[in-house]
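Below are the chains, spelled out letter by letter.
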Amino acid sequence: MPKNSKAVKRELDDDVTESVRDLLSNEDACDDSFKKTSLIVDSPEGEGKECDVEEGGSDGEEERPAWNSKLQYILAQVGFSVGLGNVWRFPYLCQKNGGGAYLVPYLILLVLIGIPLFFLELAVGQRIRRGSIGVWNYISPRLGGIGFASCVVCFFVALYYNVIISWSLFYFSQSFQQPLPWHECPLVNNKTSTFVVPECEKSSATTYYWYRKALDISDSISEGGGLNWKMTLCLLAAWSMVCLAMIKGIQSSGKVMYFSSLFPYVVLICFLARALLLKGSVDGIRHMFTPKLEIMLEAKVWREAATQVFFALGLGFGGVIAFSSYNKRNNNCHFDAVLVSFINFFTSVLATLVVFAVLGFKANIMNSKCISVNTNKIVSLLGNGIEPSLIPHHINLTQVSQVSADDYHQMIEILRGVKENEYQNLGLEPCSIEAELNKAVQGTGLAFIAFTEAMTHFPASPFWSVMFFFMLINLGLGSMIGTMTGITTPILDAFKVRKEILCVVCCVIAFLLGLLFVQRSGNYFVTMFDDYSAGLPLTVVVILENISVAWIYGTKRFMQDLEDMLGFRPYAFYFYMWKYVSPAILVVLIAATVIEMAISPAGYNAWEEAEGSERFHSYPPWALAMAYALIVVAMLPLPIIFIVRHFNLISDGSNKLSVSYRKGMMKDISNLEEQDEQRFILNKNASEAPSPMPPHRAYLGPGGTQEMTNTNYGTSTKTGYQNIGSPESEL
């Protein structure tokens, strides 16, 4: 201890406990670095044991769980970030926003906001070793609401995300049939005739099966219609899977990740290999990579690319921080951030290749059906509106199935030219592979309708259907484990509860609340939660994370922490990204999101049974109030925590932290796990007094170079967080 500390004058045999704030106020200013250094604690065996004050480690404390291997940790992060959005959201955005040209803004924004913010979350979780609530309480108590808001958003997302897994479970269970139950429209038999169900005839077999057989959907959100018992059982099975995967914490979920993270890649590669052998797959891939450069200049494309980058990496959910908090302090989280980000990107590209190859095959089949129908119409009109002499002699219309696409288009061009004014009256539908591929489909429409319809034309279609939906289950399970970890880890850090009990309680509560989504109108509530519960709140959470680290904690200080933790200094690129570029982009993204919500009508697509199609409906007043309540509830912790901490209505914990000493041996503190900002100060003997000439090291920041003093105490010291030399470092 410094010579002028009052603690030195006290009897060493007496236990002394006093406020950390009072104790540290008596220390020399030049010894500030002592607050954040590691100390050597004499173990009962007499051997020195290193104890990091930031970890608050002690012999009597149960150690924080850790990953079994680096591979397990990487797979957990990949499993969390790579989810259903990579399969059905990214291909849709690529199709909608210029094909291959969309990859350019996506990559640029991945580098500007994706990797830096992902790196930031990994670093703070790994260094502070707490969940989202503990991390942001530590960095800035007034912004401690960030962690609570993150948990609320995680809970909202988990409620409806697991419903999607339950849908996949239902389709998976129905795929062990030949032919598949959605292969063709069902027939209705009565005493006089047999006919196709009108609702199915007006739509398609897969569309009918999805809306009527799977969801048994109601006509509007106001018509609850009671529970769909099949989906209720599937939801129960989905939550049971999540509970079993997480019941032992990372010890159980880490093992699950070996399969759930790797299996989707096996399926995607198998699907790509199979799809490339199908007729028309090349047309789909060519359509994907044909850039529409003029679309790339639109602001909407960049906004949607930024949003996709943001959600693809799972920023703001708390799962990234929770997973990294179980790492060793010296783990190279910069390498992890870059690796996981690009694995995520290449997974999206791989999934897009698969989707477009399969959709190209489907478009080719639909085009062939269209040609066959139109050719039959032409045959029926020969001599009755179409002169037989207009048909080229090499085209044999007696065998309609033998008419090729080239022959058909040649015949159509002739008819257009000769019967320019009468062509519309012929009733011929336009047949084009390009038009089929331009039909933008995303989300459940892609997975449960378009892709499912394409698989019915695969040889051995039940096998591919089983593989596809099993892949969706694994993708969803990996993301659900990360989302639920973002909820349970902060609670386990703050309260002494058994993880098994907490896991079961959370899953039971979530299942009961999730019954809202398995009633007949449940799909409309899934749409509402997807649109409102996560988008704007998560963006606000992440920009506050960025500000709290870069502007309140201090970017220079954070860079120094990273150097002490990693053993090397991150590139100055990150300094400018965290300080200026990423916050600016996030502000623009928030503004664009608010404007989009203001100008776009609030509503949903309801299924019209009589018409066999979807129609846009505006939300009724109660549903609109519920939608906006989701946003308010998710962001409510931010102002509440700020107000109560600003006016000291509740303590931020800093005045309650205490230290104990006795003859150079640290006293065990029983409530160590309950504190987020622990500091241990150990009184040393006179022989262990610090050297009068402390060593100096240069602190290099983007703004220049300055000297930082690091005082060594005892025989072995490890540098921790530095809080000197930067005007930004005051909390």
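Residue numbers run consecutively from 1 along every chain, following the written order of its sequence. With pLDDT at 70 or above as the cut-off, local features in this predicted model cover only qualifying residues; side-chain atom pairs require 80 or more to be listed or tallied, and sums for whole chains, interfaces and linings still use all residues. Computation of side-chain values covers all heavy atoms of the structure but excludes hydrogens and water.

### So, the pattern of salt bridges
Side chains carrying opposite charge are able to pair once their charged atoms draw close together. Note on definitions: salt bridges are taken to be side-chain nitrogens of Lys or Arg within 4 Å of carboxyl oxygens of Asp or Glu. Using the criterion set out here, one finds eleven salt bridges in the structure. Residue Arg212 is joined to Glu609 by a salt bridge in which the shortest nitrogen-to-oxygen separation is 3.9 Å. One end of the pair, Arg212, is in helix α9 (residues 205-214); the other, Glu609, is in the loop between β6 (603-608) and β7 (613-618), with 397 residues separating them in the sequence. The partly exposed category is assigned to Glu609, whose relative accessible area is 41%. Two residues, Arg303 and Glu596, come together in a salt bridge whose shortest N-O distance is 3.6 Å. Remark: Glu596 occurs in helix α24 (residues 572-599) and Arg303 occurs in helix α14 (residues 299-312); sequence separation between them is 293 residues. Here's how the labels work: a residue is buried when its accessible area is under 20% of the maximum for its type, exposed when over 50%, partly exposed in between, all with a 1.4 Å probe on protein chains only. Judged by relative accessible area, Glu596 falls into the partly exposed class, the value being 33%. Salt bridges linked by common partners bring Glu199, Arg212, Asp216, Arg520 and Glu609 together as one network. Strands here are runs of E lasting at least two residues and helices are runs of H or I lasting at least four, both read from the DSSP assignment and numbered beginning at the N terminus.

### Let's talk about the confidence of the model for the protein chain
A score between 0 and 100, pLDDT records how confident the predictor is in each residue. A residue-level look at the protein chain finds 80% of positions with pLDDT of 70 or above and a mean pLDDT of 78. Confidence drops under pLDDT 50 across residues 1-61; counting only partners more than four residues distant or on other chains, this segment forms 139 contacts. For the stretch residues 653-731, pLDDT sits under 50, and the model shows 207 contacts to residues farther than four places along the chain or on other chains. Here, two residues are considered to be in contact whenever any of their heavy atoms come within 4.5 Å of each other.

### Let's talk about the packing of aromatic side chains
Only centres within 6.5 Å qualify two rings of Phe, Tyr or Trp (six-membered ring in Trp) as a pair; their planes then separate them into stacked at under 30 degrees, edge-to-face at over 60, and tilted for everything else. Taken as a whole and assessed by the stated rule, the structure comprises 56 aromatic pairs. Between the aromatic rings of Trp88 and Phe448, the centroid separation amounts to 6.5 Å while the plane-to-plane angle is 55°, which identifies the pairing as tilted. Here Trp88, found in helix α3 (residues 84-88), pairs with Phe448, found in helix α19 (residues 443-455); they are 360 residues apart in sequence, far enough to count as distant. We call a charge positioned above a ring when the Lys NZ or Arg CZ atom is no farther than 6 Å from the ring centre and deviates by at most 35 degrees from the ring normal. Geometry around Trp551 places Lys579 over its ring, the cationic atom sitting 4.0 Å from the centre.

### A look at the state of the cysteines
Note on terminology: disulfide denotes any pair of cysteine sulfur atoms within 2.5 Å. In total, this model carries two disulfides according to the counting rule given. Paired through a disulfide, Cys185 and Cys200 show a sulfur-sulfur distance of 1.9 Å. The sign of the -80° torsion about the S-S bond sets the Cys185-Cys200 disulfide as left-handed. Taken as a pair, Cys185 in the loop between α7 (145-174) and β4 (187-189) and Cys200 in helix α8 (residues 198-202) lie far apart in primary sequence, 15 residues in all. A relative accessible area of 1% places Cys200 in the buried class. Covalent S-S linkage joins Cys370 and Cys431, the inter-sulfur distance amounting to 1.8 Å. One quick way to see it: the torsion about the S-S bond of Cys370 and Cys431 is about -80°, and its sign makes the bridge left-handed. Remark: Cys431 occurs in the loop between α17 (405-418) and α18 (433-437) and Cys370 occurs in helix α16 (residues 333-381); sequence separation between them is 61 residues. No difference in accessibility class separates Cys370 from Cys431, as the two residues are buried. Of note for the protein chain: the bonded cysteines, numbered N- to C-terminal, pair according to 1-2, 3-4. For the unlinked cysteine Cys243, the closest cysteine sulfur is that of Cys503, found at 4.0 Å.

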